[in-house]
Amino acid sequence: MSQRAAVAVAGCLIAALTVRCRGGNEAAERPGPTPAPNLATAQKLSPVTLPDLTPLAEPVQRQVRARYASLSHLLDDPSASAADRASEYGALGHLMLAAKFFDEAAACYLHAESLAPADMRWPYYLGHAYLRNGDRARAEVSFTRALALQPAYVPALIWLADTYLDEGRTEAAQDTFTRALSAQPGSAAALFGAGRAALARQDYRNAAQYMERALAADPQASAIRYPLAMAYRAIGQRDKAETLLKERGASPPALPDPVLQESEVVLESAVSYEDRGLQALRSQQWQAAADAFRKGLEVAPGDTSLRYWLGTALYVSGDPTGAEREFQTVVRDAPTFARAHFSLGAI
Amino acid sequence: MRRLRGRGAAIKLSLRVGPAALCSVFVLAGACRPDQKTADRTDRPQPLDTHAATDAVRAGPGASGEWFTDRAQEAGIDFVHFNGMSGKFYQPEIMGPGVALFDYDNDGDLDLYVVQGQMLGTGQSLLPLPAGDSPGGRLYRNDLEIKPDGTRVLHFTDVTKQSGIVPRGYGMGVATGDIDNDGWIDLYLTGFGRNQMFRNNGNGTFTDVSKTSGTDDPASWGVSAAFFDFDRDGWLDLFVGNYLNYKLQTHIPCFGPSGAPDYCRPSVYGAQPSHLYRNTGKGRFVDVTIASGVAREFGPALGVSTADFNGDGWLDFFVANDEQENQLWINQHDGTFVNTALAAGVALGPSGERKANMGVDAGDFDNDGDEDLFVTELIAQGSSLFVNDGSGSFEEASTRLGIRHPSLPYTGFGTAWFDFDNDGWLDLLAVNGDVNQNVKDLNRRDDPFPLGQRNLLFRNVGGRFEDVTNRAGKIFDLVEASRGAAFGDIDNDGDVDVVVANDAGRLRLLINNVGSNSHWIGLRLLGSQTKRDMVGARVAVMRSSGPTLWRRARADGSYASANDPRVLVGLGASTEAPRVRVIWPSGRAEEWASVPVDRYTTLVEGTGK
C-alpha cells in the first residue's frame, strides 16, 4: 500500500466519525498481485469507504472501525498474501452486510473477489449484497460466477433460481432448481423451489409431486402445505387441499448454507444478540441462547427484552430460579412489560 | 408490514410443557425453525427498469406529452400532511393519511376530503406544522368550470371551516356513503384513537353523528372502512378495519440490527378486532361483528374491498391484514359471513408466507366477468394478484402476469384497478412509501422522514401487465411516502384522475391527460327510492365488437381512502353506443339498450328493461 493510501485510510478512520469518507484512490486500494481477469476486475472497483456510522449503536460503530483499521493494517503489510487481504475485505464486507450497508458490502466483496478470483465465496456473498440491495440483475451475474467456480453448490443454485422466479422466468428457474436436485436429490428447498416454479407455470400436477417430495424430505417445513394445497385444489383434490390447509405453518424448508453462515457476524448490538439468541431458542439450543442473551446484556445492560429472553432461556434449560431472578428484574425495571409478569406468574 | 422485531415481543411460557414442547408455544414469527432464507431477503428501492411499451398511449393536448400531471397547487390545494413525529418512532406516524373523492354538494363534480395528523406525544415535532393550517382534515369544494369550448378550469376552495367537520384525534382514513338514503353522501373518518361519522346536512355542512349513529369507537385505531349493503335491505352497512392494539403510553422501542431506532413490526402489538355494523335504517347502526361471525377471525386490518366474489349476487368483502392471513368473508345471505380465504387461495403468499398486505382493490382485469384482487405489499414481497375463476376461488398470478418483479422494490399502499387509457382493460396504480428507515437514508439529515419511494403504474395489455411508470410523466419521478390514493374523474372529462395523499408531504392531484382521447361511457347508478349511489351494483357493457366489460360501482378499496362511486368504462376507438346491463345490489337486473358514449348518464333502478 502506498504511503498516500495509508494516510487516506487513517484519515478516513477519523473522518468517519462524523462525515462520509472517501478512501484512497482506486489503484491504491487495490493491493496485491494483479488478479486473473474476471467480471469483478473488468468492472471498475470502487474504493472501500466507511459510511457515516453515527446512526448506529456505539458498540457497532467501534466494531466496524476496528475491522476497518484491521483491513488498513493488513493492506499496509507487504508480506500479507492476496488471500489474506481478500479475507480481510470479506470480513469487513460481512459487517457491512449485517449492518445493511449494502453498497459498501458489495465494494468489499468485489475487492475480495479481485484478490482471490478462484474463491467462490466472494461472488456468492456479492450476490447476496446485490440481492438485498434490490439489484437482481447483478445478483444473478454474481451467483452465476460463484456457480462457475463451484457448480454443485446447492444454496447458490437455489438463490439463483429464486431470482429467476421473481422475474417470472419460470423455465430458467425450473432448470436451475433441477440442477440443484441433480446435485442433491433430497434437498427440500430445491424440491420446494421446483414445485413453486411448476405452480407459477400452472403445471399443478408436477407442483404437487415436487412439493410432496419436499414435505417428505423436511416434514417440519410447514410453509410447504399452503402452496401444496393450492396445487391439489387446482387438480380437483379438494379433500387433500383441505387437510393440508389445516396443517399449514410458516416454516420454510431448511437450506443449510455453510458459506453464507460463515458471513453471519454478530453485530455488537442488543438486537443482533437477541436475534442470535432467538435463533438458538428456536433450535432448542438453550445454553447457546442464554449465552447470546448474556452477551447482549453486556452490550446493553438495561435492555429488558434481552433480560426477559434470558429468563426464558434459563427456564427452559432447567433453571427456574435463575429465570425467576431475571423476570423479577424485568418487572422491576419495566413494570408495564406484561409478558414478564405473565412468565413470573407462571413460575 | 415491518421487518423489525420489536423488543419485548413475544414468547409464551408455560410450566406445563417441557423444553421439547416449547416450540408449540412460541409465538415468534417462523416458530421453531430458523427462517434465515426469508429473513435475509430484504431489499431497498431501486430505480425502475425501463420497459419498452408495446404501443403508444397518446398524450392529450397541452399536456407536454405527460400522461399524468400534478395540478394540486394550481388548482388551489395546498395541503401538506403533518404526521407529528418527534423521533420516538410512534407507529401511527407512518400509517396515514387517506383521502376521499365524493360529491358532497351534489353539483356534479368530485369534491375532496383529506385526513390530517396531529402531534403525537409531548415531544418536539421534527417537521414544521403547515403554515396557517388549523388542526384536522380539510374539505375542498370542487369549483370546476367547463368553458363552451370544453376547456376545463379546475379550482378547489377550502370549505373546511363552514363544513362543521371537526375531527377529534389523529386522522387515518376516510370512507364515504349515504347512510340515511337522503341523497347526500356522508363521511366516516377513521383515526388513531377515535372514529367519527359525519352526516351530510345537504346544505354544505355536516353534523357529527358518531354517537347517535352507533359507530362511535372512542378507543380504536381504524384505518380503512367500507360502506356496502350486505343484507340487501337498501341501507348501507359499514365495515371498519382496525389495526393494532397500540397506545403511545405503552409504546415499545424497536431497533434495527445495527442498533438504529426504527418502527416496529405489527406483531409487537397484536391486532385490534375490526367491526361490522348493520344499518338498521336512517343511519342508525348496530354492531353485528359477533352475530355476523366476523369476530371469529381478525388481523391487523389495513385494506378492505367489497364485491360479489363468488358470483352469487350477494356482496362479500376482503380484508387485507398486515403480516397475517387475509380474510375473504363470503356472504351467507342470512346476515352472517364465512371466511374462505385459505381455501380460496387469497390468505397467504404463493410460498405460504404471510405478507404485509396493505391496499387492495377488486376488479375484472381480465374481462372474464368476475372480480379479481390486487393487493399491495411490503418491499421485497411483491404485490399480489389473485385471479378469480368465477366461483370465488383464486390463483396468485403476479409472477406470470408481470406484476411481481417490478413491484419487489416497493412498499405499496393505495391502489386501484382503473382504465387510465380507456382501452377497455383495467390498469393499476400503486402508490408507495417505505415503512422502515434504511440505515443509509438516516444520513440524509435534510429529511427526517426518509421513507420516500416512487409510485408504480402498470398498463394492462390484454390481461398481462407492463410497467409504464417511466413514461407516465414527471410526477412519477417523485420519491415520496405515499399512503392514500383516491380515484375518480375530477375534471369530468371522461378519464380517471388520482389524488395521492403523502405522509409528511404534499397532496398530489394527478390529472389524467390521455384517457379522454379514447371513447368511454360514464354511469351514475342511483336507487329507485333513495336516489343514492348504488355502490356494489355490477355493470355489463355489451358491445358488438369486443368482449363484454364488467365493472362495478364502488367507493371502497385502495388504502384508507374513498373513490368516485360513478362507473367509467373505456371503449377504446369504438363509438358504438353499447347495451348496458345493471345488476343492482338487491339482485334485480335491468338493461338499457343504448347508452350514449363520451358522456355521463344516470341510470335509476327500475327505469330499465
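Bear in mind the structure is a predicted one, so any value in this text is a computation, not a measurement. (Residues numbered from 1 in each chain as written. Chains lettered and ligands numbered in written order. Predicted model: local features only at pLDDT ≥ 70, side-chain atom pairs only at ≥ 80, totals over all residues.)

1. Some thoughts on the overall build of chain B
Scanning chain B for helices and strands turns up five helices and 39 strands. When burial is assessed residue by residue, chain B has 62% of its 609 residues classed as buried. Pairs at least 24 apart in sequence give 63% of the contacts found in chain B among residues at least 6 apart. (Helix = DSSP H or I, 4+ residues; strand = E, 2+ residues; numbered from the N terminus. Buried ≥ 20, exposed ≤ 12 C-beta atoms within 10 Å, placed from the backbone. Contact = placed C-beta atoms within 7 Å.)

2. Re the overall build of chain A
Summing up its helical and strand segments, chain A has 20 helices and zero strands in all. Taking the intrachain contacts of chain A between residues at least 6 apart in sequence as the baseline, contacts between residues at least 24 apart amount to 52%.

3. Things to note about helix 4 (residues 58-75) of chain A
For helix 4 of chain A, built from 18 residues, the straight-helix expectation of 26 Å at 1.5 Å per residue is met to within 8% by its first-to-last C-alpha distance of 26 Å. Among all positions in helix 4 of chain A, only A:Val60, A:Gln61, A:Gln63, A:Val64, A:Arg67, A:Tyr68, A:Leu71, A:Ser72 and A:Leu75 are buried. (Expected span 1.5 Å × (residues − 1).)

4. Details of the sheet that holds strand 1 (residues 68-70) of chain B
All names here are of chain B. Across the sheet, which stays open at both edges, the four strands sit in the order 1-32-31-30 with antiparallel pairing between neighbours. On the outer flanks of this sheet lie strand 1 and strand 30 (482-488), each paired with one strand and no other. Looking at each pair of strands side by side, their axes are set apart by 25° on average, direction ignored. As judged from the six bridges shared by strand 30 and strand 31 (residues 497-502), these two strands associate in the antiparallel manner. (Pairing = 2+ DSSP bridges. Axes fitted to C-alpha atoms, helices over the stretch in contact; angles between N-to-C directions.)

5. What about the domain arrangement of chain A?
By a widespread convention, an interface's size corresponds to the accessible area lost as its parts come together. Annotation of chain A at the domain level lists domain 1 (3-19 + 269-346), domain 2 (57-150) and domain 3 (151-255). The C-alpha-based centres of domain 1 of chain A and domain 2 of chain A are spaced at 27 Å. (Domains from an automatic or database assignment.)

6. As for the pairing of strand 2 (residues 99-102) of chain B
Residues and elements named next belong to chain B. Going residue by residue along strand 2, you find Val99 and Leu101 tucked away on one face and Ala100 and Phe102 tucked away on the opposite face as well. Across four bridges, the pairing between strand 2 and strand 3 (residues 111-114) is antiparallel. Considered in strand 3, the bridge of Phe102 is made with Asp111.

7. Comments concerning the packing of helix 9 (residues 154-166) of chain A against helix 10 (residues 170-183) of chain A
Residues and elements named next belong to chain A. Put simply, helix 9 and helix 10 touch, their axes get as near as 8 Å, and they point 165° apart. For the element pair helix 9 / helix 10, the angle class is roughly antiparallel. Remark: the crossing between helix 9 and helix 10 carries left-handed chirality. Judged by residue contacts, Val154, Leu157, Ile158, Leu160, Ala161, Tyr164 and Leu165 of helix 9 engage Thr170, Ala172, Ala173, Thr176, Phe177, Arg179, Ala180 and Ala183 from helix 10. Classifying every residue of the contact of helix 9 with helix 10 gives 12 nonpolar, two polar and one charged. (Parallel < 35°, antiparallel > 145°, perpendicular 65-115°, else oblique. Left-handed = near helix turned anticlockwise from the far one by under 90°. Nonpolar A, V, L, I, M, F, W, Y, C, P; charged D, E, K, R; others polar.)

8. Focus: the environment of A:Ser263
All names here are of chain A. Looking at the secondary structure, you find Ser263 in the loop between helix 15 (258-262) and helix 16 (270-282). Separated by 173 residues in the primary sequence, Ser263 and Gly90 place their C-alpha atoms 8.3 Å from one another. Not counting the four nearest positions on each side in its chain, Ser263 is found in contact with His94, Leu97 and Tyr125.

9. As for the sheet that holds strand 18 (residues 301-307) of chain B
All names here are of chain B. The sheet built from four strands is open, its strands ordered 18-19-20-21 with antiparallel pairing. Unpaired on one side and paired on the other, strand 18 and strand 21 (337-339) mark the two borders of the sheet. The sheet shows a mean angle of 20° between the axes of neighbouring strands, taken without regard to direction. With three bridges connecting them, strand 20 (residues 327-331) and strand 21 associate as antiparallel partners.

10. Some remarks on helix 16 of chain A
Residue and element names in this part refer to chain A. Between the first and last C-alpha of helix 16 there are 18 Å, a value that for 13 residues agrees with the 18 Å anticipated at 1.5 Å per step. Most of helix 16 is tucked away, with 13 of its 13 residues classed as buried. Gln284 sits one or two positions beyond helix 16 and adopts a positive phi of about 60°.

11. Remarks on the environment of B:Phe420
Residue and element names in this part refer to chain B. Along the chain, Phe420 falls in the loop between strand 26 (412-418) and strand 27 (427-432). We classify Phe420 as buried; it has 29 C-beta atoms within 10 Å. Residues Phe420 and Asn513, spaced 93 residues apart in sequence, show a C-alpha to C-alpha distance of 9.2 Å. Those residues in contact with Phe420, other than ones at most four positions away along the chain, are Asp427, Asp495, Val496, Asn512, Val514 and Gly515.

12. Concerning the nonpolar core
Counting residues in each nonpolar core, the largest one holds 282 residues, and the members touching the most others are B:Val174 and B:Val499. Filtering out sequence-adjacent residues up to four positions away, B:Val174 remains in contact with B:Gly98, B:Val99, B:Ala100, B:Tyr113, B:Val115, B:Leu187, B:Tyr188, B:Leu189, B:Ala560, B:Ser561 and B:Ala562. (Core = buried A, V, L, I, M, F, W, Y, C linked by C-beta atoms within 7 Å.)

13. A word on the pairing of strand 3 of chain B
Sheet faces and side chains relate simply in a regular strand, where the side chains alternate between the two faces. Residue and element names in this part refer to chain B. Burial of the side chains of strand 3 extends over both faces: Asp111 and Tyr113 are buried on one face and Leu112 and Val114 on the other. Where strand 3 and strand 4 (residues 138-142) come together, three bridges link them in antiparallel fashion. Residue pairing across strands places Leu112 opposite Tyr140, the latter belonging to strand 4.

14. Here's the deal with the packing of helix 4 of chain A against helix 5 (residues 82-98) of chain A
Residues and elements named next belong to chain A. Interhelical geometry of helix 4 versus helix 5 gives an angle of 165° and a closest axis separation of 10 Å. Viewed along their axes, helix 4 and helix 5 adopt a mutual orientation that is roughly antiparallel. Pair helix 4 / helix 5 crosses with left-handed handedness. On helix 5, the residues touching Gln63, Val64, Arg67, Tyr68, Ser70, Leu71, Leu74 and Leu75 of helix 4 are Asp84, Arg85, Glu88, Tyr89, Ala91, Leu92 and Leu95.

15. Looking at the environment of B:Pro130
Residue and element names in this part refer to chain B. By secondary structure assignment, the location of Pro130 is in the loop between strand 3 and strand 4. Pro130 gets classed as partly exposed once you count the C-beta atoms within 10 Å, which come to 14. For the pair Pro130 and Phe82, spaced 48 residues apart in sequence, the C-alpha separation works out to 7.1 Å. With near-sequence residues (within four places) excluded, Pro130 lies in contact with Val80 and Phe82.

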